[in-house]
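# Summary of the model geometry
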Amino acid sequence: MKKGRMFYKTFIPILLLGVALAVSFGIYTYIQTVRSVIDSVAEEKQNSITQIKNNLEQKIRTIEYAFNTYSTTVSFDQVVNNPITERDFVAYREVNSQLNYIATMGLEGAEYTLISLKRDWMISNGTLSYIDAAEKERLYQQYINNREKGLFWIKTETGIRFVNTLPAFSTNKDAIALSDLSLNTLGRTLRSEDGARVFILNKQGELMYDTDSDSPIHEAERLNLTRIAGDGETKGMIDAKSSNETKGDLIYSRSAYNNWTYFTVLDPKEIAGALKATRFGLIAMELALILLIAVVAYVIAARFTKPISQITSSLPDHASPRGKNEVDWILSSINRLLSEKQSLETLMEAEQPQLQTQFVLNLFRSRISAGELEHQLKRLGYEGSQSRQYVTMLVQLDNVGKRDTPDRDVLLLAVNKIAEEIIPARIRMLPVILNDDTQATILMFDDHGEQEIRRQMLEYAKQMVRAVKDYLKLSVSVGISRAYPNLLKSREACEMSKQALHQRLNLGKESIIFYEDIESVVSGPVLLHYPAHLESKLFDAIRIGDEGQVSAALYPLLAEFMKKSRNSMNLEVMLVRLVNNLIQLEQLLGIEVLLTADNHALYHRLLSIRNPEEVERILVEQVIFPMVRSMEKKTNEQFRCLSQTIADIVHEEYDRELSLEMIGERLHYNPNYLSSIFKKEFSVTFSDYLMGYRLDMAKKWLTETDKTVKEIAERLQYHNPQNFIRSFRKKEQVTPGVYRKLRQNV
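Residues numbered from 1 in each chain as written. Predicted model: local features only at pLDDT ≥ 70, side-chain atom pairs only at ≥ 80, totals over all residues. Heavy atoms only, no water.

## Let's talk about the overall build of the protein chain
Within the protein chain, the regular secondary structure consists of 25 helices and 16 strands. Considering only intrachain contacts with a sequence separation of at least 6, the fraction spanning at least 24 residues in the protein chain is 63%. Working note: accessible area of the protein chain is about 41,900 Å², and carbon and sulfur atoms make up 52% of it. (Helix = DSSP H or I, 4+ residues; strand = E, 2+ residues; numbered from the N terminus. Contact = heavy atoms within 4.5 Å. Areas by Shrake-Rupley, 256 points an atom, 1.4 Å probe, with all protein chains shown as cover.)

## Some thoughts on the packing of aromatic side chains
In the structure shown here, the tally under the stated rule is 15 aromatic pairs. Between Trp153 and Phe162 the ring centres are 5.6 Å apart and the planes differ by 25°, which places this aromatic pair in the stacked class. Note on Trp153: relative accessible area 19%, which makes it buried. Its relative accessible area of 2% is what places Phe162 among the buried residues. The rings of Trp153, Phe162, Tyr257 and Trp260 are connected pair by pair, giving a single aromatic cluster. Lying across the ring of Phe514, Arg454 places its NZ or CZ 4.1 Å from the centre. For Lys707, the ring lying beneath its charged end belongs to Trp701, and the centroid distance is 4.4 Å. (Phe/Tyr/Trp six-rings, centres within 6.5 Å; stacked < 30°, edge-to-face > 60°. Buried < 20%, exposed > 50% of the residue type's maximum accessible area, 1.4 Å probe, protein only. Lys NZ or Arg CZ within 6 Å of the ring centre and 35° of its normal.)

## Considering the sheet that holds strand S9 (residues 235-238)
In space, the five strands of this open sheet follow the order S8-S7-S11-S10-S9, with antiparallel pairing throughout. Single-partner strands in this sheet number two, and they are strand S8 (207-210) and S9. In this sheet, neighbouring strand axes are inclined to one another by 20° on average, regardless of whether the strands run parallel or antiparallel. One ladder, built from four bridges, connects S9 with strand S10 (residues 249-254); its direction is antiparallel. Bridge pairing in S10 links Gly236 to Tyr252. With respect to the sheet, helix H5 (residues 183-190) is in contact with strand S7 (198-201), S8 and strand S11 (261-266), its orientation differing from that of S8 by roughly 70°. (Pairing = 2+ DSSP bridges. Axes fitted to C-alpha atoms, helices over the stretch in contact; angles between N-to-C directions.)

## Considering the pattern of salt bridges
Evaluation of the coordinates by the stated rule reveals 18 salt bridges. Residues Lys378 and Glu374 are paired through a salt bridge, measuring 3.7 Å at the closest nitrogen-oxygen approach. Of the two residues, Lys378 and Glu374 both sit in helix H9 (residues 370-380), four residues apart, roughly one turn of that helix. Across the pair Asp655 and Arg715 runs a salt bridge, and its minimum N-O distance is 3.2 Å. (Salt bridge = Lys/Arg side-chain N within 4 Å of Asp/Glu carboxyl O.)

## Comments concerning a nonpolar patch on the surface
On the surface, a nonpolar cluster with roughly 500 Å² of combined accessible area is contributed by Phe25, Met285, Leu289, Leu292, Val296 and Ile300. A per-element tally of the nonpolar patch places helix H7 (residues 268-313) first, with five residues. Structurally, Phe25 is set in helix H1 (residues 5-71). Exposure remark for Phe25: the relative accessible area of 44% places this residue in the partly exposed category. (Patch = residues over 30% accessible without salt bridge, like charges linked within 9 Å, V, L, I, M, F, W, Y side chains within 5 Å.)

In structure tokens, the structure reads:
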């Protein structure tokens with residue numbers, strides 16, 4: 001059952017309020033949960049890093065205590081103050097046993113070394129070796145001199161080295177104990193259960209160890225962390241905002257034993273993982289709570305709006321106004337009835353122009369019967385007296401040129417609008433667009449004589465011609481039918497106006513033509529006079545591909561067509577004949593213009609156009625000149641091929657008797673014709689080309705052979721050597737003999 005607006009006005013506020021409270025409660029709960037989880041994870045991390053610190057510190061303290069205790073024994077003094085050689089097996093075994101004992105107490109995997117500075121020996125990992133003076137000096141400089149304490153730690157490439165100078169409670173140091181903690185050893189000791197990153201900074205901010213060596217911490221960041229941890233408690237948390245190089249907050253614990261600070265990272269991913277289950281639980285709880293609130297809101301709204309629903313449900317579906325308060329349904333029903341009536345009247349008024357347009361078009365197409373006519377006239381408000389006369393006026397654009405169809409439609413719409421403004425509405429039906437290039441208007445005259453009707457029609461036609469020219473910058477012609485008493489004869493009247501417009505072929509642009517004035521011409525016999533001699537001149541120009549000659553021959557032919565076309569049938573016959581002859585011509589010439597897909601409707605286009613300028617434009621731009629350009633291209637290709645053939649003959653037979661007459665006889669062409677096309681292609685006469693090529697060969701022979709000038713002249717068909725010398729000097733400015741000497745000296 002559909003709910004009314006009052007139901008939703010009650011249901012939606014309750015639902016929104018409840019959802020807002022539920023969401024607020026959920027957000028508060030989530031925030032508190034997040035804080036609790038962070039504190040719990042941070043505390044767990046704090047315990048873990050503290051445990052790691054205590055484990056490592058305990059091992060280091062054990063090593064320190066073992067070495068310090070050993071340094072106070074008598075055996076230590078005896079061993080350190082006596083030399084050890086390979087034969088002192090007892091002393092070596094005692095020291096090695098002591099180091100192994102310390103190793104069992106310290107870190108697994110650590111390496112321990114004892115160095116005697118008095119007797120210059122060193123035992124490391126069970127191996128006895130000796131130190132020279134340079135090594136001894138280095139040890140003093142590195143571990144004893146300028147050291148305030150006898151116990152300290154240094155970082156090495158392989159881990160951390162614990163240095164203890166012995167005896168521990170004496171300023172005179174006799175030995176050095178070294179404990180090397182490798183990275184693997186430290187990794188096993190400092191590895192956290194969750195695999196989080198752990199790193200150690202000493203009091204100076206130096207990185208002693210880092211489980212994540214792939215992400216180094218810069219010196220400035222280390223000093224900053226050491227400062228923050230040193231200024232606070234011995235353990236705590238550093239906000240991620242204070243550290244630019246670690247992803248997450250840092251948990252630290254500072255050692256009071258050696259002032260090392262142990263850090264581990266509180267990774268946000270750990271917190272997110274811990275919150276995952278909590279988040280899903282909260283979402284489920286929120287959804288359940290929102291569903292419960294929706295049910296409660298629905299029940300409250302339904303009970304509150306039940307009386308109103310009972311009233312509206314008793315009304316028909318259409319009587320209950322959608323989108324309005326049910327309380328106002330009676331007033332809305334009344335307003336709806338009034339609005340529907342007004343809308344119907346407005347719709348009828350808006351559709352009136354379309355109905356009138358369709359009525360006029362049906363008259364021109366004879367689609368209205370005598371029984372329908374009277375009813376339609378009354379409905380559209382065209383009732384008149386019994387003596388009413390009608391006249392059909394057609395307006396056509398004289399020249400639309402290359403405009404596209406949408407542009408023509410816009411122009412016709414503009415002409416139609418001008419007709420509406422110029423001709424008073426009381427004496428006309430609605431002007432319409434009859435076809436792609438014609439606008440039509442039916443005018444009505446009550447109690448007017450023929451002369452008065454003609455006078456008024458002439459005045460309206462003149463105004464139309466002037467207005468279109470002024471506003472649209474175009475020229476139009478007007479065709480006017482005879483007056484007729486019955487609208488059922490509108491189709492015949494339209495044909496009369498079309499016949500009148502056909503006479504533009506003789507009268508030119510901006511013509512106003514009454515059918516009465518040309519009726520005798522239209523009904524007369526068809527007298528066909530075809531100017532075949534002018535067509536022959538045009539076709540000759542097309543054959544040679546000369547656009548200038550084509551223009552000179554085409555326009556007199558078209559003028560003769562128009563001159564002899566008093567009857568429209570004359571022009572149609574002549575145009576069909578011209579197009580047929582052009583098709584035959586292009587078939588003879590071997591070109592394709594009129595037979596392409598673009599010209600399949602050429603006959604229809606030419607016969608449907610009654611504008612002489614448009615007929616001329618189509619013939620010139622789309623038929624004649626394309627044929628000329630195609631023929632010119634074909635002729636140029638033939639000229640080029642024939643000229644190249646002549647040049648090839650010269651290159652092969654230059655040393656024989658050769659003339660253009662001989663070549664013409666061989667190629668079956670007139671020598672004069674060959675001479676003209678050769679000069680057109682190579683820009684030089686045949687004789688000059690032949691002489692130039694022979695002289696080029698003479699230069700080659702003068703340079704590359706020992707032939708005499710006389711032999712060369714005879715070879716090149718010069719019967720008199722002096723003629724050859726004269727021609728050579730004319731071209732090269734030197735005689736053949738001088739030319740040979742000059743080339744030989746080069």
